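Next come the chains, spelled out residue by residue.
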Amino acid sequence: MKKKKLFLKRPGWHEYFLEVADLVSRRATCLRRRVGAVLVKDKKILATGYNGAPSGLKHCIDVGCVREKLKIPSGQRHELCRGLHAEQNVILQAALYGVSTKDSTLYITNQPCVICAKMLINAGIKEIVISDGYPDEMALAFLKEAKIKIKKIINR
């Protein structure tokens, strides 16, 4: 009697790395939004990042959200926050360990804000794959002007 093989649907590369980004987002300590980022080159993970306070500082989940207290809307006044964005952390992790970000692809759970978009442009990121949006049209305009490809893939 022959054994029947059971095959699960194997995810494509974009789906795979977005799932990793989703897993990374579960480490986030922001009370408003959990974001995860994975930097990839040649189908290899270079670095990961999530949004939260700098290393050694108290997190918003421990001390509360400054932005909530001040009633700051999403997408505005990014400087009034304890945390770094996932994109900032992924670039910093790569820098900390001497990993080049040039010509890499960023997989991230949300579209970058304009501050992160400018950093990603200067970090040499060539493509961004997202699974959800963010209310920042200027970020999209900058990324388009810099000729960085953006793909939105619903990964659920």
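See above for the structure.
First things first, this report covers the structure right here in the doc. (Residues numbered from 1 in each chain as written. Predicted model: local features only at pLDDT ≥ 70, side-chain atom pairs only at ≥ 80, totals over all residues. Heavy atoms only, no water.)

**Observations regarding the pattern of salt bridges**
Pairing between side chains of opposite charge can happen when their charged atoms approach one another. Taken as a whole, this structure holds 5 salt bridges when the rule is applied. Across the salt bridge formed by R32 and E68, the nearest N and O atoms sit 2.6 Å from each other. Separated by 36 residues along the polypeptide, R32 in the loop between α1 (13-25) and β1 (36-41) and E68 in helix α3 (residues 66-69) bring together distant segments of the chain. D103 serves as the salt-bridge partner of K102, at 4.0 Å between the closest nitrogen and oxygen. Residue classification places D103 among the partly exposed residues on the basis of a relative accessible area of 38%. (Salt bridge = Lys/Arg side-chain N within 4 Å of Asp/Glu carboxyl O. Helix = DSSP H or I, 4+ residues; strand = E, 2+ residues; numbered from the N terminus. Buried < 20%, exposed > 50% of the residue type's maximum accessible area, 1.4 Å probe, protein only.)

**Notes on the packing of aromatic side chains**
Taken as a whole and assessed by the stated rule, the structure comprises 4 aromatic pairs. Ring centres of F17 and Y107 lie 5.1 Å apart, and the angle between their planes is 40°; this geometry places the pair in the tilted category. One end of the pair, F17, is in helix α1; the other, Y107, is in strand β3 (residues 105-108), and 90 residues separate them in sequence. We note that F17, like Y107, is buried. What links up through ring pairs into an aromatic cluster is the set W13, Y16, F17 and Y107. (Phe/Tyr/Trp six-rings, centres within 6.5 Å; stacked < 30°, edge-to-face > 60°.)

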